[in-house]
Amino acid sequence: MSDSQGESSLATQTPPRGRSAAGGGAITAPSPARRTGRRGGADWRKRMEIALLSGPAIVMFLMFVIFPVVMAAYYGFFKWKGYGVPTDFVGFENYLVIFKDTAFHEALMHNGFIVVMSLVIQGPAAIVLALLLNQKMRGRSFIRVMIFVPYVVSEVIVGTGWGLMLQTTGAVNDLLAKIGLPTWAVDWLSDPDVAIWSLLIIISWKYVGFAVILFLAGLQSIPEELYEAASIDGASYWQMQRSITLPLLGPTMRIWAFLSIIGSLQLFDLVYIIWGQYVASTAGTSTMATYMVANGRNAGNYGYGNAVAVVLFLISLIIALVYQRYVLRRDTEGALTEGKK
């Protein structure tokens, strides 16, 4: 056989590059450059989608949160009357006055007391109510609505109503006198030993419904199979609540506690409506927010008020970051999926 015939026979046996041995279509693999180009285009489109979806929210956050905080920090370095360009620069004098003022110390202590007692009172009460309302009973929907109604009622209405009822000649003392307990009638709003507890009762009455709704939502996510298995094993009702309900309700409870802490630190409206700017300090119910308004806007010293606002913001931010770092860490880590194998 000649060389030319051998080459021709070899050519007929070996398929050309890019085709299958069976003579099928081309199976040429895409080049690395083409794969990189496709991936780059997909990443670019993903970034554009994220930018379009989150862009408006980021702009609003910068305009109405970050920018006011920056401007408040700026005005806090001046003795400013609230109009015109601030020119009387005082440096850190406003901040030094804040940390030396005993009235601010008392307001800070009141906020801390409200934070702790709100968790102690509202948390157990909301858990008990949620467990009760999670059972099948007649009128359950109506009771849920009635418990949640105080939360959606305006703070102005709540403050005005409770302020009228808790006066010395109000409905509460009148009711105590009619049921034969006149000695229980006290000055609920002005007595420093009683006023802070009156505030806690009002706060608990208004905000416990929010906690109940959150806990009910958390209870709905617990599988019924766990309770059925525990019942078969002979566990009692309270054993199931202690071993199943409370551990699985933990993330919801931690989120509620975080919201309660931040709300207690920034408490203003109910105190200001019921006690006002002057009675709050003498009755022992002043907060950092009421101190800010009383010594800032109402005193005509807007620079000092802005400095108090910055301090309140920093205290809330630090507590929030510490709470997320050490309490919500496992919850936030469990929600992340990227980077997990």
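Residues numbered from 1 in each chain as written. Predicted model: local features only at pLDDT ≥ 70, side-chain atom pairs only at ≥ 80, totals over all residues. Heavy atoms only, no water.

A. Up close: a nonpolar patch on the surface. A cluster of nonpolar residues, I58, V59, M60, F61, L62, M63, F64, V65, I66 and V70, forms a patch on the protein surface that exposes about 910 Å² of accessible area. Mapped onto the elements, F61 comes out in helix α2 (residues 32-75). Residue class for F61 comes out partly exposed when judged on its relative accessible area of 45%. (Patch = residues over 30% accessible without salt bridge, like charges linked within 9 Å, V, L, I, M, F, W, Y side chains within 5 Å. Areas by Shrake-Rupley, 256 points an atom, 1.4 Å probe, with all protein chains shown as cover. Salt bridge = Lys/Arg side-chain N within 4 Å of Asp/Glu carboxyl O. Helix = DSSP H or I, 4+ residues; strand = E, 2+ residues; numbered from the N terminus. Buried < 20%, exposed > 50% of the residue type's maximum accessible area, 1.4 Å probe, protein only.)

B. Main features of the packing of helix α3 (residues 93-100) against helix α15 (residues 302-326). Relative to each other, α3 and α15 sit at 65 degrees, their axes nearing to 9 Å. Classified by the angle between their axes, α3 and α15 sit roughly perpendicular to one another. Here the hand of the crossing between α3 and α15 comes out right-handed. Judged by residue contacts, N94, Y95, V97, I98 and F99 of α3 engage G303, Y304, A307, V308, V310 and V311 from α15. Taken together, the residues of the contact of α3 with α15 break down into nine nonpolar, two polar and no charged. (Axes fitted to C-alpha atoms, helices over the stretch in contact; angles between N-to-C directions. Parallel < 35°, antiparallel > 145°, perpendicular 65-115°, else oblique. Left-handed = near helix turned anticlockwise from the far one by under 90°. Contact = heavy atoms within 4.5 Å. Nonpolar A, V, L, I, M, F, W, Y, C, P; charged D, E, K, R; others polar.)

C. Spatial organisation of helix α13 (residues 276-283). Among the residues making up α13, those that are buried are G276, A280 and A283. Down the axis of α13, the buried side of the element spans an arc of 80 degrees, and every buried residue falls inside it. What points out from α13, more than 90 degrees from its buried face, is the exposed set Y278 and T282. Against the buried residues of α13 lie α8 (192-220) and α12 (269-274). Positive phi shows up at G284, right after α13, with a value of about 80 degrees. (Arc of directions from axis to C-beta.)

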